[in-house]
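The chain contents come next:
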Amino acid sequence: MSNLKERILKDGQVFPNNVLKVDSFLNHQIDPTVVKEIATEIHKHFADRGITKVFTIEASGIAPAILVAAAFEVPMLFAKKSVPSTMHGADKYVTKVHSYTKDITSDVIISQQYLNEDDVVLIIDDFLANGEASIGLIDLVKQAGAKVAGVGICIEKTFQPGRQRLEEAGAEVYSICRIASLEDGQVTFAEGN
Ligand code: 5GP
C-alpha cells in the first residue's frame, strides 16, 4: 500500500458533504515523504510527454506541484485567487472556478507572461471532486494557446463526476489514490489510477 493510502487510513478525517480532511500531511502540515512519492509516480506516468510546465491553483495544489515540477526540471506555475498589487497592469488570463470546500465562485488569474503556445502543460491538484478547479485551469491553458498533457491528482473521489468531466474535455486523468466512498465516515478505496 502506498504511503498516501496508509496516511489517509491513519490520519484522514471524514467531514460532512463528502469532504476528507488531510490537514496533518497534505493540506496544512505537509509530509514531504508522502508528497515526494506522489510526485515521483506522477512524473513516471507522464515522463515521455514533453512537459514544459507544471500548473496548479493556490493553495493546496502548490506542494505536490512543486515536487512534480522538480522531477521534470521545469517551472511550476500556480493560478492566483486574487490579484496582488504587483500584477496590476499586467496582461492576464482570467477564468472562474467554483470552490468545492468553500462553496464560492471566484476569478482565478495568471499573468500572460508565463504561459504561451509552445507550452505542454501538466495540471496538478490535491483533490479531484467535481472537476471545477481542473476545468478552470484547462481553460487558462487554452486561452494561452498551450497544450494540456494531462491532469495528475493526489486524491480522486470516484463517486463524484470530476474524472468524467475532464475526460469529456479531452484531458487524461491520472490519480495516485482513488476513493470510492466516504460513507459512514469510512474510507473505501477504488482500484486503478
Ligand atoms: P473540484 O474542483 O474537483 O470540484 O474540487 C477539487 C478542489 O476542491 C481541490 O482543489 C481541493 O482543494 C478541494 N476539495 C475537493 N474535495 C475535497 C476533499 O474531500 N477534501 C479536501 N481537503 N479538499 C477537497
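That block above? That's the structure.
What this report covers is the structure whose coordinates are included nearby. Keep in mind that what you see is a predicted model, and the values were worked out from it rather than measured.

1. Digging into the site of the ligand
The environment of the ligand is made up of 16 residues, and the closest members are Leu20, Ala129, Gly131, Ala133 and Lys157. Contact distances for the ligand include 2.8 Å between an oxygen atom and a backbone N or O atom of Ala129. Between the ligand and Gly131, the relevant distance is 2.7 Å, taken from an oxygen atom to a main-chain nitrogen or oxygen of the residue. For the shell around the ligand, the secondary structure elements donating two or more residues are β2 (19-21), β7 (120-128) and α5 (132-143).

2. Overview of helix α4 (residues 62-72)
Taken as a whole, α4 has its buried residues at Ala63, Pro64, Ala65, Val68, Ala69 and Phe72. If you follow the buried residues of α4, they end up packed against α3 (32-46), β3 (53-57), β4 (76-79), β7 and β8 (147-157). Downstream of α4 by one or two residues, Glu73 has phi in the positive range, about 55°.

3. Digging into the nonpolar core
Grouped together as the largest cluster of nonpolar side chains are 33 residues, with contacts concentrated most on Leu4, Ile42, Val54 and Ile155. Among the secondary structure elements, those contributing two or more residues to this core are α1 (3-11), α2 (23-27), α3, α4, β7, β8 and β9 (173-181). Of the residues forming this core, the biggest block, 6 residues, is contributed by α3. Excluding residues within four positions of it along the chain, Ile155 makes contact with Leu4, Ile8, Val22, Leu26, Asp126, Phe127, Leu128, Cys177 and Ile179. Judged by nonpolar contacts, the second largest core, of 24 residues, contains Phe55, Ile57, Leu77 and Leu137.

4. Examining the packing of aromatic side chains
A full pass over the atoms with the stated rule returns 1 aromatic pair. With 6.2 Å between their ring centres and 85° between their planes, Phe46 and Tyr174 make a pair best called edge-to-face. Pair noted here: Phe46 is in helix α3 and Tyr174 is in strand β9, with a separation of 128 residues, a long-range link. On the basis of relative accessibility, which here comes to 11%, the residue Tyr174 falls in the buried class. A cation over a ring is seen here: Lys5 above Phe189, with NZ or CZ 5.2 Å from the ring centre.

5. Quick word on the packing of α3 against α4
The relative placement of two packed helices is expressed as an angle between their axes plus a distance between the axes. Interhelical geometry of α3 versus α4 gives an angle of 50° and a closest axis separation of 8 Å. By the criterion of interaxial angle, the relationship of α3 to α4 is oblique. In the packing of α3 onto α4, the handedness of the crossing is right-handed. For the pair formed by α3 and α4, the contact residues are Pro32, Val35, Lys36, Ala39, Ile42, His43 and Phe46 on the first element and Ala63, Pro64, Leu67, Val68, Ala71 and Phe72 on the second. Looking at the contact of α3 with α4, its residues break down into 11 nonpolar, 1 polar and 1 charged.

6. So, the side chain of Lys53
The topology assignment puts Lys53 in strand β3. Reaching out from Lys53, the side chain makes a polar contact with the backbone oxygen of Tyr114 at a distance of 2.6 Å. Ignoring anything within four residues of it in the chain, the contact list for Lys53 reads Val74, Pro75, Leu77, Tyr114, Leu115, Asp119, Val120, Val121 and Leu122.

7. What about the environment of Phe55?
Relative to the helices and strands, Phe55 resides in strand β3. Distance from Phe55 to Leu77, taken between C-alpha atoms, is 4.8 Å for residues 22 residues apart in sequence. Look past the residues within four positions of Phe55 in its chain and what remains in contact with it is Leu77, Phe78, Ala79, Ile110, Leu115, Val121, Leu122, Ile123, Ile124, Leu137, Leu140 and Val141.

8. Some points on the side chain of Ser181
With respect to the secondary-structure elements, Ser181 resides in strand β9. In this structure the side chain of Ser181 is engaged in a polar contact, spanning 3.0 Å, whose partner is the backbone nitrogen of Glu183. With residues near it in sequence (within four places) discarded, Ser181 still touches Phe159, Gln186, Val187 and Thr188.

What counts, and where the lines are drawn
- Every chain is numbered on its own, with residues counted from 1 as its sequence reads.
- Only residues with pLDDT of at least 70 get local features here, since the model is predicted, and only at 80 or more are side-chain atom pairs given and counted; chain-wide, interface and lining totals rely on the full set of residues.
- The basis for every side-chain value is the complete set of non-hydrogen atoms in the structure, without hydrogens or water.
- For this description, a residue counts as near a given molecule or strand if any of its non-hydrogen atoms is within 4 Å of it.
- Nitrogen and oxygen atoms within 3.5 Å of one another constitute a polar contact, given that in protein one can donate a hydrogen and the other can accept it, and given that sequence-neighbouring residues count only through two side-chain atoms.
- Runs of H or I in DSSP of at least four residues are treated as helices and runs of E of at least two as strands, each being numbered from the N terminus.
- Accessible area is worked out with a 1.4 Å probe on protein chains only. A residue is then buried under 20% of its type maximum, exposed over 50%, and partly exposed in between.
- We call two residues in contact when some of their heavy atoms are within 4.5 Å.
- Residues grouped as a nonpolar core are buried Ala, Val, Leu, Ile, Met, Phe, Trp, Tyr and Cys residues, joined through side-chain atoms within 4.5 Å.
- A pair of aromatic rings is counted whenever rings of Phe, Tyr or Trp (Trp by its six-membered ring) have centres within 6.5 Å, and the orientation is called stacked for planes under 30 degrees apart, edge-to-face for over 60 and tilted otherwise.
- Both a distance and an angle decide whether a charge sits over a ring: NZ of Lys or CZ of Arg must be within 6 Å of the ring centre and within 35 degrees of the ring normal.
- Note on method: axes are straight lines fitted to C-alpha atoms, helices fitted across the in-contact stretch only, with angles between N-to-C directions ranging 0 to 180 degrees.
- Orientation labels follow simple angle bins: below 35 degrees gives roughly parallel, above 145 gives roughly antiparallel, 65 to 115 gives roughly perpendicular, and whatever is left gives oblique.
- Helix crossings are classified by the rotation of the near helix relative to the far one: an anticlockwise turn of less than a right angle makes the crossing left-handed, while a clockwise turn makes it right-handed.
- Note on residue categories: nonpolar means Ala, Val, Leu, Ile, Met, Phe, Trp, Tyr, Cys or Pro, charged means Asp, Glu, Lys or Arg, and polar means any other residue, Gly included.

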